[in-house]
Amino acid sequence: MTLRDNVHRLVNEHLKLGPTGKPHMVSALLAELRDAVTPGNSGAGDGAGGLPIPINPDAVEMLARVERELKSEYWEMLAIVWPASLEELLLQLPSGAPDAAWEAYLDHVTLDWVDKITTFLWPVKPRRKLFGKTCPSCSQAVHGEDRAVCLTLGCWDTEGELAKIGDWNIRCEACEAAWSGNEVAWLLRAFDTPEPKVALPS
Ligand SMILES: [Zn+2]
């Protein structure tokens, strides 16, 4: 990803690969973040009848933080304070970088914002524990003093949706053996584990 790609994802509607691998249009990350500021504000009547509109302080803080950092980068880079909107400032960023070193640095900074906002909006769901299943590699089902489950299944994509089965993975928390791709379907069938929501390919 480049600086321009990062800015594009932050500011504009953009294409994103869905759980089925098909691209679909999604809103700008900053637009999603602004929506998250007032999560209950979904239509008529909000704020009326004496009920305050609920505010998500973490979303407010994240927006303020991106704006603060962006303005500070502009000051460092061009020694200007620019009273424009967050989106306008971001869109000018690629052409504002004075040299390749600045561009590489801003690439890193904007990717960090993309990652932080994405993680905030769509927290990663925990891996599914495969209770009572024995690891084919170390032959343990539980490990450690607290007898934690060895095998876990990763089946969620970065937006918390069920991923394609081909993207699932199984990991042993004890011996760190890992399986992916077709091996996951084989193992789940061998374990006779009911799979979440979708059928295994035959
Ligand atoms: Zn193991």
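Residues numbered from 1 in each chain as written. Predicted model: local features only at pLDDT ≥ 70, side-chain atom pairs only at ≥ 80, totals over all residues.

Undergrad: Could you give an account of the overall build of the protein chain, naming the residues involved and the relevant values?
TA: A count of helices and strands for the protein chain gives six helices and eight strands. For the protein chain, the residues scored as buried account for 17% of the 202 residues in total. A separation threshold of at least 6 residues defines the contact pool for the protein chain, and within that pool the share at least 24 residues apart is 47%. (Helix = DSSP H or I, 4+ residues; strand = E, 2+ residues; numbered from the N terminus. Buried ≥ 20, exposed ≤ 12 C-beta atoms within 10 Å, placed from the backbone. Contact = placed C-beta atoms within 7 Å.)

Undergrad: Just give me the short version of the confidence of the model for the protein chain, but keep the residues and values in it.
TA: On average, residues of the protein chain score 86 in pLDDT, and 86% of them are at 70 or above. Of the regions scoring below 50 in pLDDT, residues 43-47 engages in four contacts with residues more than four places distant in sequence or in other chains. (pLDDT = per-residue confidence, 0-100.)

Undergrad: With reference to specific residues and values, describe the nonpolar core.
TA: Residues Val7, Leu10, Leu33, Leu90 and Leu93 are the most contacted members of the largest nonpolar core, which totals 17 residues. Within the residue set of this core, elements represented by two or more residues are helix H1 (3-11), helix H2 (29-37), helix H3 (57-78), helix H4 (86-96) and helix H5 (100-121). Contacts of Leu33, omitting those with residues within four sequence positions, involve Ala59, Met62, Leu63, Ile117 and Leu121. Membership of the second largest hydrophobic core comes to 13 residues, among which are Cys150, Leu151, Trp156 and Trp179. (Core = buried A, V, L, I, M, F, W, Y, C linked by C-beta atoms within 7 Å.)

Undergrad: Tell me what's going on with the sheet that holds strand S8 (residues 178-180), and back it up with residues and numbers.
TA: Read across the open sheet, the four strands follow the order S3-S6-S7-S8; overall the sheet is antiparallel. Each end of this open sheet is capped by a strand with a single partner; those strands are strand S3 (128-129) and S8. Where strand S7 (residues 169-172) and S8 come together, three bridges link them in antiparallel fashion. Across the sheet, residue Ile170 finds its bridge partner in S8, namely Trp179. Contacts from helix H6 (residues 182-191) reach S7 and S8 within the one sheet, and its direction differs from that of S8 by about 110°. (Pairing = 2+ DSSP bridges. Axes fitted to C-alpha atoms, helices over the stretch in contact; angles between N-to-C directions.)

Undergrad: Could you give an account of H4, naming the residues involved and the relevant values?
TA: Of the residues making up H4, those classed as buried are Leu89, Leu90 and Leu93. Down the axis of H4, the buried side of the element spans an arc of 100°, and every buried residue falls inside it. The outward face of H4, more than 90 degrees from its buried face, is lined by the exposed residues Glu88 and Ser95. Where H4 is buried, its residues contact H1, H3 and H5. (Arc of directions from axis to C-beta.)

Undergrad: Give me the packing of H3 against H5: which residues, what numbers.
TA: Remark: H3 packs on H5, axes separated minimally by 11 Å, with the N-to-C direction vectors making an angle of 175°. Judged by the inter-axis angle, H3 sits roughly antiparallel to H5. Counted together, Asp58, Met62, Val66, Glu73 and Met77 of H3 and Trp102, Leu106, Val109, Trp113, Lys116, Ile117 and Phe120 of H5 form the full contact between these two elements. Among the residues forming the contact of H3 with H5, the class breakdown is nine nonpolar, no polar and three charged. (Parallel < 35°, antiparallel > 145°, perpendicular 65-115°, else oblique. Nonpolar A, V, L, I, M, F, W, Y, C, P; charged D, E, K, R; others polar.)

Undergrad: Any details on unusual backbone geometry? Residues and values, ideally.
TA: Unusually for a residue other than glycine, Ser139 sits at a positive phi of about 60°. Note that Ser139 resides in the loop between S3 and strand S4 (142-143). Phi is positive for Glu176, close to 65°, though the residue is something other than glycine. Here Glu176 lies in the loop between S7 and S8. By the C-beta count within 10 Å, which is 9 here, Glu176 ends up exposed.

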